[in-house]
Amino acid sequence: MATTRERALDAALTLVGEQGVRALTHARVDAAAGLPRGSTSNWFRTRDALVAGVVTHLAESERAEIATAGPPMIDTPDQLTDAFSGLIAMQTGPLAARTRARYALFLEGAHDRVMLEPLLAQRAAYVEWTASLLAHVGAAHPADAVRTLMAASEGLILHRLSVDPDAEIRPVIDRVVRACLA
């Protein structure tokens, strides 16, 4: 059973993902979480504290999910393409609200690197992991390749979330992976 704090953070994350950062208020979080009025403010006294709590919660939740699932077995360019295509499909499908929340929080915290530290650390670990995968499947310059793959993936995610939710994934990622290995 989730604690009151976890229920508030889950509801806050959903609010940000579905309605944007401006929807993030203590009262709305309480209502969305089905908590008594004032519950969220017991944990997060200010809006800045609430935003920082949501950022940390998002990063911790994703790390826990990755740890539970374990890393996928990737030994070939096709497996890398499949893994990234599947990840993008999840982030723009069943996890779309959380992905929108991540982008909104990155933009909200653009002026406050301390607030964003949990997401930046999460991203740095993801970039490092992706670079190691690229090296493993044959990228001669994994540091350059990872920037290319990440930029293309993020662009595709943003495109699917905002313009064309049915945009093809695999052909794009396949071309990018092949270019990273060329």
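Throughout, residues of each chain are indexed from 1 in the direction in which the sequence is written. Residues qualify for local features only when their pLDDT is at least 70, as the model is predicted, and side-chain atom pairs are given and counted only at 80 or more; totals for whole chains, interfaces and linings, by contrast, use all residues. To get the side-chain values, take all heavy atoms of the structure and skip hydrogens and water.

1. Considering the packing of aromatic side chains
Item 1. Planes of paired rings set the category: under 30 degrees apart is stacked, over 60 is edge-to-face and the rest tilted, where pairs are Phe, Tyr or Trp rings (Trp by its six-membered ring) whose centres lie within 6.5 Å. In total, this model carries two aromatic pairs according to the counting rule given.
Item 2. In textbook terms, an aromatic cluster arises when at least three aromatic residues are bridged by ring pairs, as seen for F84, Y126 and W129.

2. Re the environment of W129
Item 1. Examined against the element boundaries, W129 turns out to sit in helix α7 (residues 113-136).
Item 2. Once the C-alpha coordinates of W129 and F84 are considered, the two residues, 45 residues apart in sequence, prove to be 12 Å apart.
Item 3. Once residues lying within four places of it in the same chain are set aside, the contact partners of W129 are P71 and P72. Starting at the N terminus, helices and strands are each numbered in turn, a helix being any DSSP run of H or I of at least four residues and a strand any DSSP run of E of at least two. Contacts are assigned to residue pairs that have any heavy atoms within 4.5 Å of one another.

3. Considerations on the side chain of S153
Item 1. Take S153: it is sitting in helix α8 (residues 142-162).
Item 2. A 1.4 Å probe rolled over the protein chains alone gives each residue an accessible area, and that area as a share of the maximum for its type sets the label: buried under 20%, exposed over 50%, partly exposed in between. Relative accessible area serves as the criterion here: at 5%, S153 is assigned to the buried category.
Item 3. Leaving out residues up to four positions away in the same chain, S153 has contacts with F84, I88 and I173.

4. Topic: the nonpolar core
Item 1. Counting 26 residues, the largest nonpolar core has V16, L24, V29, L50, V54, L105 and L119 as the members making the most contacts within it.
Item 2. Listed by contribution, the elements that provide at least two residues to this core are α1 (4-19), α2 (26-33), α4 (47-69), α6 (96-108) and α7.
Item 3. It is α1 that provides the largest number of residues to this core, a total of seven residues.
Item 4. Setting aside residues up to four positions removed in sequence, V29 forms contacts with A8, A11, A12, L15, L24, T40 and L50.
Item 5. Throughout this description, the term nonpolar core refers to a set of buried Ala, Val, Leu, Ile, Met, Phe, Trp, Tyr and Cys residues connected via side-chain atoms within 4.5 Å. In terms of nonpolar packing, the next biggest core, distinct from the first, is built from 23 residues, L149, L156, A167 and C180 among them.

5. Topic: the layout of surface pockets
Think of a ball as big as a water molecule: rolled over the atoms, this probe shows where empty space is left.
Item 1. As a volume, the largest pocket reaches approximately 1,000 Å³.
Item 2. Only protein atoms enter the 1 Å grid, on which a cavity is a set of points fitting a 1.4 Å probe that cannot get out and a pocket is an open set with protein on both sides within 12 Å along at least 5 of 7 lines, lining residues being those with an atom within 4 Å of a point. Lining of the largest pocket is provided by 31 residues; of these, I66, L87, Q91, Q122 and Y126 occupy positions nearest its centre.
Item 3. Where the lining of the largest pocket is concerned, the elements lending two or more residues are α4, α5 (77-92), α6, α7 and α8.
Item 4. Classification convention: Asp, Glu, Lys, Arg as charged; Ala, Val, Leu, Ile, Met, Phe, Trp, Tyr, Cys, Pro as nonpolar; all other residues, Gly among them, as polar. By residue class, the composition of the lining of the largest pocket is 19 nonpolar, five polar and seven charged. Grid points are joined across faces, edges and corners, and a volume is the space filled by probe spheres set on the points.

6. A few points about helix α9 (residues 170-181)
Item 1. Helix length check: α9 (twelve residues) gives 16 Å between terminal C-alpha atoms against 16 Å at 1.5 Å per residue, within 8%.
Item 2. Those residues of α9 that sit buried are I173, V176, V177 and C180. Considered in projection along α9, the buried side chains sweep an arc of 100° and stay on one side of the axis. Exposed residues lying more than 90 degrees from the buried face of α9 are R175 and A179.
Item 3. The inward-facing, buried residues of α9 contact α5, α7 and α8. The span one expects for a helix is its residue count, reduced by one, times 1.5 Å. Arc definition: directions from the helix axis to the C-beta atoms.

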